[in-house]
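Each chain, written out:
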Amino acid sequence: MKRLARLLIIGLMVWPMALLASGPIKAAAPGIERAAAPIDLGDGRLQVGAIIIDQAKQTFTTPGVTLRRADPIEFIAVTQGGHKSYESIIELETNAHDFNLACILIGLDNSRATRPQRHFDPAPVRGNPVDISISWQQRGETRTVAAADLLSVDGKPVTSHRWRYNGSWFGPGGRYKAEEFGTLVGFVHDEDSIIHHREGLGLDNYGGVKLNEASAPPEGASVLLTVTRPAAGGAP
């Protein structure tokens with residue numbers, strides 16, 4: 001058993017380089033050679049930086065903090081100190097390299113993915129489906145909401161909870177764009193996020209997407225963002 005655990009750690013440490021050399025998902029693994037080496041926590045659980053991964057359940061959690069409750073907002077989550085934090089609800093305790101590696105370790109890849117070609121691109125994003133939720137402590141109890149429930153569009157609740165993984169991309173000079181701008185989970189079809197809302201929200205109405213005050217955690221609240229690969233696949 002100990003030998004198996006050692007082999008697992010060695011494999012995970014060299015796996016990022018193997019992914020970068022492979023054809024089909026090369027673009028799905030940008031920058032993972034710069035990600036933290038996975039730590040084996042036992043029972044199918046791994047840790048990458050501050051991220052805890054459960055490979056058996058195909059899910060991971062990342063700690064963070066609520067940044068703002070004011071407009072404009074274009075992102076559910078950005079990296080710690082991310083350039084786009086002024087437009088994000090949550091800042092996560094991670095960088096884009098670690099976040100993308102966590103996505104890969106729960107089985108996500110972008111072999112069939114597309115990404116927005118410009119800001120507010122109206123074309124639906126293709127990619128592996130994921131579920132995203134936010135949880136925090138409120139009055140001594142854990143409250144959990146789906147990521148889309150944090151938002152409203154033109155005063156109405158968001159009814160589409162379809163999120164897609166595409167892993168971001170490399171720009172000129174080999175810069176990993178999700179790390180450059182700090183964009184992890186976005187909903188306005190920016191070019192650089194790792195995870196996008198499939199149809200996009202407020203694409204033809206800048207400022208139309210607002211925080212759903214009834215569902216959102218307080219400003220400054222410690223939160224956990226959970227990303228899960230659904231068991232039943234779903235549409236690309």
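This is a predicted model, so every value here is computed, not measured.

Let's hear about the environment of His189: which residues, and what values?
Locating His189 in the fold gives a position in the loop between β12 (183–186) and β13 (195–197). The exposure class assigned to His189 is buried, which follows from its relative accessible area of 0%. With 66 residues separating them along the chain, His189 and Ala123 place their C-alpha atoms 8.7 Å apart.

Residues and numbers for helix α2 (residues 96–105), please.
Of all 10 residues in α2, 10 are buried, a share of seventy percent or more. The set of residues buried in α2 consists of Ala96, His97, Asp98, Phe99, Asn100, Leu101, Ala102, Cys103, Ile104 and Leu105. Following α2 by one or two positions, Gly107 adopts a phi angle in the positive range, close to 100°.

Please set out the pairing of strand β1 (residues 39–42) residue by residue, giving values where relevant.
Bridging between β1 and strand β2 (residues 45–48) involves three bridges; their strand directions are antiparallel. Within β2, the position partnered with Ile39 by the bridge is Gln47. The hairpin turn running from β1 into β2, its antiparallel successor, is two residues long, and Asp43 in that turn takes a positive phi close to 55°.

Break down the sheet that holds strand β14 (residues 209–211) for me, citing the residues and quoting the values.
If you trace the three strands from one edge of the open sheet to the other, you get β10-β9-β14, paired in antiparallel fashion. Only two strands of the sheet have a single neighbouring strand rather than two, namely β10 (156–157) and β14. Of the pairings in the sheet, the one linking strand β9 (residues 151–153) to β10 comprises two bridges and is antiparallel in character. Each bridged residue has a counterpart across the sheet, and for Val153 the counterpart in β10 is Lys156.

Can you lay out unusual backbone geometry for me, pointing to particular residues and giving the numbers?
Phi at Phe120 is positive, roughly 70°, even though this residue is not glycine. Topologically, Phe120 is positioned in the loop between α2 and β7 (128–138). The phi torsion at Asp154 lies on the positive side, around 55°, for a residue other than glycine. Along the chain, Asp154 turns up in the loop between β9 and β10. Judged by relative accessible area, Asp154 falls into the exposed class, the value being 53%.

Account for the environment of Gln55, naming residues and giving values.
Residue placement: Gln55 occurs in the loop between β3 (51–54) and β4 (59–66). For Gln55, a relative accessible area of 29% gives the class partly exposed. Gln55 has contacts with Gly44, Leu46 and Leu105, leaving out every residue within four places of it along the chain.

Could you give me a rundown of the confidence of the model for the protein chain, with the residues and numbers involved?
On average, residues of the protein chain score 86 in pLDDT, and 84% of them reach the 70 mark or higher. Here residues 1–28 is modelled with pLDDT under 50, and outside its nearest four sequence neighbours on either side it reaches 36 contacts, counting other chains as well.

Run through empty space enclosed by the protein, naming residues and quoting values.
One pass over the structure, following the stated rule, counts one cavity of 30 Å³ or more. The volume enclosed by the largest cavity comes to roughly 50 Å³. Every residue along the wall of the largest cavity is listed here: Pro72, Ile73, Glu74, Phe120, Val188, Gly202, Asn205, Tyr206, Gly207, Gly208 and Val209. Residues belonging to the lining of the largest cavity are distributed by class as follows: six nonpolar, four polar and one charged.

Procedures and definitions
- Residues numbered from 1 in each chain as written.
- Predicted model: local features only at pLDDT ≥ 70, side-chain atom pairs only at ≥ 80, totals over all residues.
- Heavy atoms only, no water.
- Helix = DSSP H or I, 4+ residues; strand = E, 2+ residues; numbered from the N terminus.
- Buried < 20%, exposed > 50% of the residue type's maximum accessible area, 1.4 Å probe, protein only.
- Pairing = 2+ DSSP bridges.
- Contact = heavy atoms within 4.5 Å.
- pLDDT = per-residue confidence, 0-100.
- 1 Å grid on protein atoms, 1.4 Å probe; cavity = no way out; pocket = protein on both sides within 12 Å on 5 of 7 lines; lining within 4 Å.
- Points joined across faces, edges and corners; volume = space filled by probe spheres on them.
- Nonpolar A, V, L, I, M, F, W, Y, C, P; charged D, E, K, R; others polar.

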